[in-house]
Amino acid sequence: MGSNFGEEGRRLSYGSYLKIPELLSLQECLTEAHDELLFIAVHQAYELWFKVLLQELEAVRDRMQLDDTFWSRHALRRVSVIWRLLIEQVEVLETMSPQDFLAFRSELAPASGFQSIQFREIEFISGLKNPSYLKRLEASPEEQARLRRRLEEPTLWDAFCALVERRGSPSLEEVFKRRDLHGELFDLSEGLLDHDESFALWRSRHVLMVERQIGSKTGTGGSTGAQYLRSTLDKRFFPELWAVRSRL
Ligand code: HEM
C-alpha cells in the first residue's frame, strides 16, 4: 500500500517541526479586549524578525572580516527587505483605534518596547553601543550576557573600516569617486547606509504611530512618550557615511 502525499514518514510534520502548538500557546491576553491579540502578535512577530536580523547582521560583519564581500552584500540585501516588512507592519497596528487600545493599555505598565533586548542588540552591533542599558533594562542573566557580548564584540562599522584598511586605506571620498577601483567597498557602504536609513525610518514610523495612539501621554515604560522618542530620531549608525555626501 503506497502512502498518500503528505503522509510519508510520520516522525516529522508541519506542526511538530515548526512547533506550531507551542507558538500558538504564547499569546496570553490579560483582558477580553478584542485588539489585545493583535497587539501581542505584532510585537512577537517583531521579535522573531529581530532574531533573524541579528543573525544576518552578524553574517554581514563576519563575512566582511573574512574579505567575503559577496556574502556581506547578499546578507545586507536580505536585511533591507526585512526592514521594509517591519516598517510596513506598523500599519497593521494602526488599524487599532486609540479607544480600543485604552481598553487594555493600563494593564501593560510598566512593560514597554523600551525593554526589548534584541532591539538594543541591533543598536549595539550596528554601532550605537550604550553600556547604561545593562543597568536600566530588566534583563535575565542570559540576556545580560548577550548584551555584554554585543558591547564587547566588533560592530559593523569596525569590520567595514578594517576591510577598507586591508584594501589600501582609501578615504571614503576616494571610494565614492573611484568606483572603478573600489566598487565592492562602495556597494557595501550603500548596503550599510540602507540598514541605517531603514532603522531611522522605523523610528519615525513608530513615533507617528505612538502619537496616533496616545497623543502626548507618557509611555507605559515611564518616559515622556512621543517627546522621548522624537529625541532618538537623529541617531545614526554610520555618521561618516552620511557626512561624506557633503564632501563629494
Ligand atoms: C500601540 C502601539 C505602540 C505604542 C503606543 C508604543 C509606545 C511606545 C512609547 C511611549 C515608547 C517610549 C518608552 C516608554 O515610555 O514606554 C516606546 C518605545 C519603544 N517601542 Fe513602542 N509602542 C507601540 C508599538 C511598538 C511595536 C509594535 C514595537 C515593535 C517591537 C515597539 C518597539 C519599541 C521600542 C524598541 C522602543 C524603544 C525605542 C528607543 O528607546 O529608542 N513599539 N513605544
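Structure: see above.
Residues numbered from 1 in each chain as written. Predicted model: local features only at pLDDT ≥ 70, side-chain atom pairs only at ≥ 80, totals over all residues. Heavy atoms only, no water.

**Describing the overall build of the protein chain**
Okay, step 1: Helix and strand counts for the protein chain come out as 13 helices and 0 strands.
Okay, step 2: Across the protein chain, helices and strands are ordered from the amino to the carboxyl terminus as α-α-α-α-α-α-α-α-α-α-α-α-α.
Okay, step 3: Projecting the C-alpha coordinates of the protein chain onto the three principal axes gives extents of approximately 65 × 60 × 35 Å.
Okay, step 4: Split into buried and exposed, the 248 residues of the protein chain put 40% on the buried side.
Okay, step 5: Contacts in the protein chain between residues at least 24 apart in sequence constitute 72% of all its contacts with a sequence separation of at least 6.
Okay, step 6: Split by element, the accessible area of the protein chain, about 14600 Å² in all, is 55% carbon and sulfur. (Helix = DSSP H or I, 4+ residues; strand = E, 2+ residues; numbered from the N terminus. Buried < 20%, exposed > 50% of the residue type's maximum accessible area, 1.4 Å probe, protein only. Contact = heavy atoms within 4.5 Å. Areas by Shrake-Rupley, 256 points an atom, 1.4 Å probe, with all protein chains shown as cover.)

**Some thoughts on the site of the ligand**
Okay, step 1: Residues in close proximity to the ligand total 27 residues, the closest being Ser-112, Arg-120, His-206, Ser-223 and Tyr-228.
Okay, step 2: Contacts to the ligand include Arg-203, whose side-chain N or O atom sits 3.2 Å from an oxygen atom.
Okay, step 3: Gly-222 has a polar backbone atom sitting 3.4 Å from an oxygen atom of the ligand.
Okay, step 4: Considering every element that reaches the shell around the ligand, the biggest residue donor is helix 11 (residues 179–214), with 6 residues.
Okay, step 5: For the shell around the ligand, the per-class residue count stands at 13 nonpolar, 12 polar and 2 charged. (Near = heavy atom within 4 Å. Polar contact = N/O pair within 3.5 Å; in protein donor to acceptor, adjacent residues only side chain to side chain. Nonpolar A, V, L, I, M, F, W, Y, C, P; charged D, E, K, R; others polar.)

**With respect to the packing of aromatic side chains**
Okay, step 1: Evaluated as defined, the whole model comprises 18 aromatic pairs.
Okay, step 2: Between Tyr-46 and Phe-50 the ring centres are 6.0 Å apart and the planes differ by 50 degrees, which places this aromatic pair in the tilted class. One end of the pair, Tyr-46, and the other, Phe-50, are both in helix 3 (residues 36–65), 4 residues apart, so they sit about a helical turn from each other. Each of the two residues, Tyr-46 as well as Phe-50, counts as buried.
Okay, step 3: An aromatic cluster is present here, built from Tyr-46, Phe-50, Trp-83, Phe-119, Trp-157, Phe-160, Phe-199, Trp-202, Phe-237 and Phe-238 joined pairwise through their rings.
Okay, step 4: A cation over a ring is seen here: Arg-120 above Phe-114, with NZ or CZ 4.8 Å from the ring centre.
Okay, step 5: The residue whose ring lies beneath Arg-236 is Trp-242, and the NZ or CZ to ring-centre distance is 5.4 Å. (Phe/Tyr/Trp six-rings, centres within 6.5 Å; stacked < 30°, edge-to-face > 60°. Lys NZ or Arg CZ within 6 Å of the ring centre and 35° of its normal.)

**Considering the coordination of the iron atom of the ligand**
Okay, step 1: Its sole protein donor being His-206 (NE2), the iron atom of the ligand sits 2.2 Å from that atom.
Okay, step 2: With respect to the element layout, His-206 can be found in helix 11. (Donors = N, O, S within 2.8 Å, 3.2 Å for Na, K, Ca; no water.)

**Details of helix 6 (residues 117–126)**
Okay, step 1: Judged by how many residues are buried, helix 6 sits mostly within the fold: 10 of 10 residues are covered.
Okay, step 2: Restricting attention to buried positions, one finds in helix 6 the residues Ile-117, Gln-118, Phe-119, Arg-120, Glu-121, Ile-122, Glu-123, Phe-124, Ile-125 and Ser-126.
Okay, step 3: Buried positions along helix 6 lie against helix 3, helix 7 (132–136), helix 8 (141–152), helix 9 (156–166), helix 11 and helix 12 (226–230).
Okay, step 4: Structurally, the start of helix 6 carries an N-cap: the backbone nitrogen of Phe-119 is 3.1 Å from a side-chain oxygen of Ser-116.
Okay, step 5: At the exit of helix 6 stands Gly-127, carrying a positive phi of roughly 125 degrees.

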